[in-house]
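Below, each chain spelled out in residue letters.
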2 protein chains.
Amino acid sequence: MNNQKVGILGGGQLGRMMVEAASRLNLSVTILDAPTDAPAKQIESTQAHIHGAFKDATKIRELAENVDVLTVEIEHVDAHVLSEIEAEGKVKVHPSAKTVKTIQDKYFQKQHLTSHGVPVSEYLDTPNEVAVLAAGKQFGYPFMLKSKTMAYDGKGNYVVKTEADVKPAMEALKNLPLYAEKWAPFVKELAVMVVRRANGEVRAYPMVETIHKNSICHLVIAPAQVDGAILSKAQEIAMDAIKTFPGAGIFGVEMFLMQDGSILLNEIAPRPHNSGHYTIEACDTSQFENHMRAILDMPLGSTAMKVPASIMVNILGSSTDMVECYKPCHEALVTDGATIHLYGKKECRAGRKMGHITVVGESMMQAQERLKPILKAMEPDVERHLSLRPLVGIIMGSDSDLPVMKVGAKILKDFGIPFELSIVSAHRTPMRMVEYAQSAAKRGLKTIIAGAGGAAHLPGMVAAMTSLPVIGVPVKGSSLDGVDSLHSIVQMPRGVPVATVAINNSTNAALLAIRMLGAFIPGVLEKMDAYMKRMENEVLGKVERLDSVGWEEY
Amino acid sequence: MNNQKVGILGGGQLGRMMVEAASRLNLSVTILDAPTDAPAKQIESTQAHIHGAFKDATKIRELAENVDVLTVEIEHVDAHVLSEIEAEGKVKVHPSAKTVKTIQDKYFQKQHLTSHGVPVSEYLDTPNEVAVLAAGKQFGYPFMLKSKTMAYDGKGNYVVKTEADVKPAMEALKNLPLYAEKWAPFVKELAVMVVRRANGEVRAYPMVETIHKNSICHLVIAPAQVDGAILSKAQEIAMDAIKTFPGAGIFGVEMFLMQDGSILLNEIAPRPHNSGHYTIEACDTSQFENHMRAILDMPLGSTAMKVPASIMVNILGSSTDMVECYKPCHEALVTDGATIHLYGKKECRAGRKMGHITVVGESMMQAQERLKPILKAMEPDVERHLSLRPLVGIIMGSDSDLPVMKVGAKILKDFGIPFELSIVSAHRTPMRMVEYAQSAAKRGLKTIIAGAGGAAHLPGMVAAMTSLPVIGVPVKGSSLDGVDSLHSIVQMPRGVPVATVAINNSTNAALLAIRMLGAFIPGVLEKMDAYMKRMENEVLGKVERLDSVGWEEY
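All values derive from a computational prediction rather than experimental measurement.

A. How the structure looks around the overall build of chain A. When helices and strands are counted, chain A shows 20 helices and 23 strands. Dimensions along the principal axes, computed over C-alpha positions, put chain A at roughly 95 × 50 × 50 Å. Looking at chain A alone, contacts between residues at least 24 apart form 63% of all its contacts between residues at least 6 apart. Split by element, the accessible area of chain A, about 21,400 Å² in all, is 53% carbon and sulfur. Between the centroid of the 58 positive side chains of chain A and the centroid of its 61 negative side chains there is a distance of 2 Å.

Structure, rendered in structure tokens:
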């Protein structure tokens, strides 16, 4: 397929998963890392790996002698020698040494991003205490004091809550080059993997939601359960940011979603990233394969999700006890849709990433249900409430329709279907209706239930502006017994259908929406089967009572 | 996770993919095979593999010394020594040596299956020419003459077309132990992977359709595009068959689907199988991981598909030319949803399995579209027409409704949606209606369009017996202008919804069905968007014409 030899600086789990992807394409990979049985070396026996530090210039040179392309699984490498090798021109370096250098230093990274118009939270250089105090004045408290270099998984960060914290913060981070960052009161943390080919082509994976625990990535939820319009904007920002970095490869982009829907870029990793592990099971092409393709200038693979939902959870050591650490895996073994990835690490310690588990699901509801017992095994005392993006939208022309429509809402709630409910009037808020209909599919809705009375234009007008199925509920008004609404909703012209149900029957509208979901989500279909069975039994119960009590007493 | 050491007899691609699965679970695997760089050895550097033949008793013994569990990636091993090792009891053998021995000999295998009531095509022992001629008399021509042992990928098989073929057949298969098999005029070849845990628990993967080329597996289509009721029956037969074989592991079961819907079991492989490679990308747990779990007595993983559709195609050598062989891979690199698996084989030759490509899709329509350019690169002169199971069912109470309903059928055809169309009368064929409604979801339908006039009971009655969404088309009769049908269809009681469209408007019924599919199949949603855009442009064209021609001339 491709005869260029690849050398990777670093042989941890990221290198290991790169090797896995490379093997499937018959690509040759050599690893530089200190342990002789580093995770990445364990699964590649055809190459003579190099045993030494990935910061050691001599060893990097030795690796470069044996390969055509150098890449990294960690950014804390000797970027200087990478620059030299790149300049000599015999071996390609991806991403470019310049990119690694810029990203290594978080302060430079921020400067670089700001200079390209990428939104980041405010920051200040703080070479000394006076500067740190000045930052407190400018940003207010709390703010973040961060090491510019060698910071990861919360290490090298300090939350300065009051002026009195300044001294202890500087003591904790002493001898490190520091800068201050304004506090970002985000509502969610988002992340996205972006892959860039040497020719500049850039592709983004879906936006995901990340949940950290003790500043270490804990959960990754794909796709993020956030309004699709916001996700598209965030994806654009990430792609624009990555376009500014020379060289090829995959990049992890971490972002903050703020209360007002705006996005701040937090930081970038110039390599495969923990927030992209879910891509192995959940996407057309994994982040690792796309990294290999990018650095070898091969066509990039599709970044689309191939399953509806996925959640990744890290397996972290809690102590040196390996057995304790792997406990959640035993839960994962009996969980449908869960895949375990262990990294072959020989020793366990608190906070060490020993593996991860990816759960996939036919729906985000199912993925969350599947995750529960695994999380329970991991953190028995924590109750996590993960959010769900609505699948069904219920709208009505007026709040006077609510008594009719809430019956359907109740059904959706009973079935555990995430939905939204609002007032959208065709005649009184026409522009809101246009906006609602046109954004519905993008926001993640699968169907819309629209209730309306009288002239009852809402369902048909919404159907004219979305390609999703629209269910119309004719609401009975004060005259004409609802027949006016019924005919207005059902007699749509050829080309724009509305799925019409009986007058005032929002129950059936909800059940129809659930059947539509059930056609593609087997778990929902099963619930509908059970509902119909219960309905049958209820009537059979009445038959029995009628038989035993007799018709006169009934 | 599990400290038992596994030894595999054979280090080809099946062993390689087992090792891949094992690595992710931190399982230790040692390989026995002749080449020092056998595919499976290439991706496992932590063990001292054994270099020698997997038929060599001494080498098998050497492997057994170093492991806790022995398994095979090929059934043509020395089963005798496996029996001995199993009897000694120090090392477990999975599947049991007895199973390997029974399956190795296709004639014994048939006898075994027959004795357990598994349906197979008729067969006869043919130790000599007289017996072969007698088989011809009994079965008629053509029939198959087969070697009992060492037969795979069509090798060791001969189609005896006439009595005159008997001599050349016996010459071609000379020195082999032969038996004859009655010709099975199948309509499709089906296959299924079944995994069996040591405790007897058995799980089946989805049924797939296999297409062979020169007697070698060419395409594997998952799920098989066949009536779901038939697939369930075939799956049951396969599970029943596997329950009769002692020991644990995964089994590939090949079957014939006959014209009358009956199933014959063709043959069984006691190991991972080419027809199960799709499980890596398309199922919750791959066949390889489930094999490892089974032989280590770990809980079996879910065998469900996690994507709607998948097609696997083998990459076979056509000569010694490696570049030629990998050509289709370059097409796969630019195909969304395609994953390439190369096996690291150092030499190419005609018919050698060098790798495979798995394509996944949001629908079987999409998977087939994605496969096309890859197949084109592989076999430029072949036009393959793969079948599609219907997603939409159109039914009507009477053929008099056909003129109305065919307009909707035309729309589905234009959108490229596979559908079926039939007459199902609620009043004249009530039992057919019950059968149709109750089997619909299982057969693969996602929605049903039912047209009816007058009393118009069909849509509502079908909706009462399926949990799929049902779309009702009120057909206008000779009196009451269709309002009778409309009210009869739309005014369903709480609990059972029918999505009602305008009178006679099967166009909208079809468009509604397409919208329902589109909510979950992005490619279909895009087509609906395009349709709506075209509709808009058509009207805008009329606006223009009206403006330019004037209303009097229009």
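B. Representation of the packing of helix H4 (residues 79–88) of chain A against helix H5 (residues 97–104) of chain A in the model. Residues and elements named next belong to chain A. Contact pair H4 / H5: the axes reach a minimum separation of 8 Å and the direction vectors enclose 160°. Accordingly, the angle class assigned to the pair H4 and H5 is roughly antiparallel. Crossing of H4 over H5 shows left-handed handedness. Here Ala-79, Leu-82, Ser-83 and Glu-86 of H4 come into contact with H5, specifically with Ala-97, Lys-98, Val-100, Lys-101 and Gln-104. Here the residues of the contact of H4 with H5 are counted per class, giving four nonpolar, two polar and three charged.

C. Geometry of the relation of the copies chain B and chain A. Expressed as a screw transformation, the operator carrying chain B onto chain A has a rotation angle of 180° and an axial translation of 0.0 Å, and the superposed copies differ by an RMSD of 0.1 Å. Such values leave the two copies arranged in the relation of a two-fold axis. Interface residue correspondence from chain B to chain A reaches 100%, placing this contact among same-surface, isologous pairings.

D. Up close: a nonpolar patch on the surface. All names here are of chain A. A contiguous nonpolar patch, built from Leu-546, Val-549, Trp-551 and Tyr-554 and spanning about 430 Å² of accessible area, is present on the exposed surface. Looking at where Val-549 falls in the secondary structure, it is placed in helix H20 (residues 522–549). Residue Val-549 is classed as partly exposed on the basis of its relative accessible area, which comes to 35%.

E. Main features of the state of the cysteines. All chains considered together, the criterion is met by zero disulfides over all chains. Among the cysteines around Cys283(A), which has no disulfide bond, Cys217(A) carries the closest sulfur, lying 15 Å off.

F. Just the pattern of salt bridges, in detail. Residue and element names in this part refer to chain B. In total, this model carries 53 salt bridges over all chains according to the counting rule given. Note that Lys-167 and Glu-129 form a salt bridge whose closest N and O atoms lie 3.2 Å from each other. Of the two residues, Lys-167 sits in helix H8 (residues 166–172) while Glu-129 sits in helix H7 (residues 129–139), which places them 38 residues apart along the sequence. Note on Glu-129: relative accessible area 30%, which makes it partly exposed. Among the ionic pairs, Lys-213 bridges to Glu-379, the shortest N-O distance being 2.6 Å.

G. Focus on the confidence of the model for chain A. When the pLDDT values of chain A are averaged, the result is 95; 100% of them are 70 or greater. For this predicted complex, the interface score ipTM comes out at 0.95, while the overall pTM is 0.95.

H. Spatial organisation of the sheet that holds strand E3 (residues 50–51) of chain B. In spatial order, the strands read E3-E2-E1-E4-E5 (chain B); together these five strands make up an open sheet with parallel pairing. The sheet is open, and its two borders are formed by E3 and strand E5 (92–93) of chain B, each paired with just one other strand.

I. Region of interest: the interface of chain B and chain A. The interface of chain B with chain A comprises 84 residues on the first partner and 84 residues on the second. Roughly 7,100 Å² is buried in total at the junction of chain B and chain A, and carbon and sulfur atoms are behind 57% of that figure. On the chain B side of the interface with chain A, the three residues burying the most area are Met1(B), Arg24(B) and Phe520(B), jointly 12% of the side's total. Our count for the contact surface shared by chain B and chain A stands at four salt bridges.

J. Highlighting the environment of Ile280(B). Note that Ile280(B) resides in helix H10 (residues 279–282). Sequence separation between Ile280(B) and Gly317(B) is 37 residues, and the spatial gap between their C-alpha atoms is 22 Å. Among all residues touching Ile280(B), those that are not within four sequence positions of it are Arg24(A), Met17(B), Ser286(B), Phe288(B) and His341(B).

K. Structural view of the pairing of strand E19 (residues 392–396) of chain B. Residues and elements named next belong to chain B. Of all the five residues making up E19, five are buried; the element is thus mostly covered by neighbouring parts of the structure. Side chains of E19 alternate between two faces, with Val-392, Ile-394 and Met-396 and Gly-393 and Ile-395 buried alike. Looking at chain direction, E19 and strand E20 (residues 419–423) are connected through five bridges and run parallel. For Gly-393, the partnering residue across the bridge sits in E20 and is Glu-420. This β-α-β element, E19 to helix H15 (residues 402–414) to E20, shows right-handed connectivity. Summarising the sheet, E19 and strand E21 (residues 447–453) pair through five bridges and their orientation is parallel. What sits directly across from Val-392, in E21, is Thr-447.

L. A look at empty space enclosed by the protein. Per the counting criterion, the structure on display carries four cavities of 30 Å³ or more. Here the largest cavity is characterised by a volume of approximately 450 Å³. Lining the largest cavity are 32 residues, with Arg24(A), Ile280(A), Arg24(B), Ile280(B) and Glu281(B) positioned closest to its centre. For the lining of the largest cavity, the secondary-structure elements that each account for two or more residues are helix H1 (13–24), helix H10 (279–282) and helix H11 (287–295) of chain A together with helix H1 (13–24), H10, helix H11 (287–295) and strand E17 (338–342) of chain B. Taken together, Arg16(A), Met17(A), Glu20(A), Ser23(A), Ile43(A), His341(A), Leu342(A), Tyr343(A), Glu20(B), Ser23(B), Arg24(B) and Ile43(B) make up the lining of the second largest cavity. Where the lining of the second largest cavity is concerned, the elements lending two or more residues are H1 and strand E17 (338–342) of chain A together with H1 of chain B. Here the lining of the second largest cavity takes four residues from H1(A), the largest share from any one element.

M. Quick look at the sheet that holds strand E6 (residues 123–125) of chain B. All names here are of chain B. Ordered by their spatial adjacency, four strands build an open sheet running E6-E9-E7-E8, and the pairing between neighbours is antiparallel. A strand with exactly one partner marks an edge of an open sheet, and here the two such strands are E6 and strand E8 (157–160). Averaged over all neighbouring strand pairs, the angle between strand axes comes to 25°, with direction disregarded. The sheet contact formed by strand E7 (residues 143–147) and E8 spans four bridges and is antiparallel. By the bridge assignment, Phe-143 is partnered in E8 with Val-160. Lying over the sheet, helix H6 (residues 106–115) contacts E6, E7 and strand E9 (178–182), oriented at roughly 125° with respect to E6.

N. Structural context of the UniProt feature "domain: ATP-grasp" (unreviewed entry) in chain A. With numbering matched to this structure, UniProt assigns "domain: ATP-grasp" (unreviewed entry) to residues 110–296 of chain A. As a span, residues 110–296 of chain A carries 28% helix and 31% strand, and end to end its C-alpha atoms are 29 Å apart.

Conventions used here
Residues numbered from 1 in each chain as written. Chains lettered and ligands numbered in written order. Predicted model: local features only at pLDDT ≥ 70, side-chain atom pairs only at ≥ 80, totals over all residues. Heavy atoms only, no water. Helix = DSSP H or I, 4+ residues; strand = E, 2+ residues; numbered from the N terminus. Contact = heavy atoms within 4.5 Å. Areas by Shrake-Rupley, 256 points an atom, 1.4 Å probe, with all protein chains shown as cover. Lys, Arg positive; Asp, Glu negative; His and termini not counted. Charge placed at Lys NZ, Arg CZ, Asp CG, Glu CD. Axes fitted to C-alpha atoms, helices over the stretch in contact; angles between N-to-C directions. Parallel < 35°, antiparallel > 145°, perpendicular 65-115°, else oblique. Left-handed = near helix turned anticlockwise from the far one by under 90°. Nonpolar A, V, L, I, M, F, W, Y, C, P; charged D, E, K, R; others polar. Least-squares fit on C-alpha atoms with pLDDT ≥ 70 in both. Patch = residues over 30% accessible without salt bridge, like charges linked within 9 Å, V, L, I, M, F, W, Y side chains within 5 Å. Salt bridge = Lys/Arg side-chain N within 4 Å of Asp/Glu carboxyl O. Buried < 20%, exposed > 50% of the residue type's maximum accessible area, 1.4 Å probe, protein only. Disulfide = S-S within 2.5 Å. pLDDT = per-residue confidence, 0-100. Pairing = 2+ DSSP bridges. Buried area = accessible area lost by both parts, 1.4 Å probe. Right-handed = clockwise from strand over helix to strand, strands pointing away. 1 Å grid on protein atoms, 1.4 Å probe; cavity = no way out; pocket = protein on both sides within 12 Å on 5 of 7 lines; lining within 4 Å. Points joined across faces, edges and corners; volume = space filled by probe spheres on them. UniProt positions renumbered as here; feature names shortened; annotations may be inferred.

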